[in-house]
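Below, each chain spelled out in residue letters.
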Amino acid sequence: MNQIKNHEKWMKYALSEAIRAYDNDEVPVGAVIIKDESIIAKGYNQKELLKDATAHAEIIAITSAANHLQNWRLNDCIMYVTMEPCAMCAGAIINSRIKAVYFGVYDQGAGCCGSLYQICQDPRMNHQTIIRGGILEHESKMLLQDFFKLKRKPNLQ
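Overview of the structure.

Here is what the cut-offs are and how they apply
- Residues numbered from 1 in each chain as written.
- Predicted model: local features only at pLDDT ≥ 70, side-chain atom pairs only at ≥ 80, totals over all residues.
- Heavy atoms only, no water.
- Pairing = 2+ DSSP bridges.
- Helix = DSSP H or I, 4+ residues; strand = E, 2+ residues; numbered from the N terminus.
- Axes fitted to C-alpha atoms, helices over the stretch in contact; angles between N-to-C directions.
- Core = buried A, V, L, I, M, F, W, Y, C linked by side-chain atoms within 4.5 Å.
- Buried < 20%, exposed > 50% of the residue type's maximum accessible area, 1.4 Å probe, protein only.
- Contact = heavy atoms within 4.5 Å.
- Phe/Tyr/Trp six-rings, centres within 6.5 Å; stacked < 30°, edge-to-face > 60°.

Read across the sheet, 5 strands follow the order β2-β1-β3-β4-β5 without closing on themselves; strand pairing throughout is mixed. In the strand order of this sheet, the two ends are held by β2 (38–44) and β5 (130–132), each with one partner. Neighbour to neighbour, the strand axes of the sheet diverge by 15 degrees on average, direction disregarded. Judged from the 6 bridges that link them, strand β1 (residues 30–35) and β2 form a sheet pairing that is antiparallel. Each residue of the ladder has a partner; that of I33, found in β2, is A41.

What follows is the structure, encoded as structure tokens:
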């Protein structure tokens, strides 16, 4: 039970980052990277702001963590992200050697940590990452649903 509370604690920080994305009219996905029980990096989606298809929350957090540690190898780091990582992000997670990823909502359309593919635990890769989804899933899902409901609402002027 204590482990679950710890995961929820860190996921709340990722949700805070997702809210930053939401407030900036970006798809609300947020991520944090933990090492030695401290947040060393944060990220939220910034594709629209940066006009960059690679500006996902996970990529921004990985870059920040690498800069913080002055090393691209993020051994013994744990990522919390509000949505299951896509193929690009799963590849970056493997390449940066993140130890574990805990995520909120599953992404049946593009998720590559269990939904469509399981890149992070593929034994053919040079590194495998522990994966667990469903951490504060409801909160992550509601934020995404609210965002897209507003986006798809007809303009009533």
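Among the nonpolar cores identified, the biggest contains 32 residues, and I33, I62, L74, M79 and I98 are the most heavily contacted of them. Mapped onto this core, the elements with two or more residues apiece are β1, β2, α3 (57–69), β3 (78–83), α4 (87–95) and β4 (100–105). Here this core takes 6 residues from α3, the largest share from any one element. Once you skip the residues sitting within four places of it in the chain, L74 turns out to touch I33, I62, A65, A66, L69, S96, R97, I98 and K99. Listed in part, the 11 residues of the second largest apolar core include L15, V32, Y80 and I135.

Evaluated as defined, the whole model comprises 5 aromatic pairs. Relative to Y102, the ring of Y80 lies with its centre 5.2 Å away and its plane at 20 degrees, an arrangement referred to as stacked. Taken together, the residues Y80 in strand β3 and Y102 in strand β4 connect sequence positions 22 residues apart. Exposure class is identical for Y80 and Y102. Each is buried. Ring centres of F147 and F148 lie 5.1 Å apart, and the angle between their planes is 85 degrees; this geometry places the pair in the edge-to-face category. F147 gets classed as buried once you look at its relative accessible area, which sits at 6%. Pairwise contacts between aromatic rings join Y22, F147 and F148 into one cluster.

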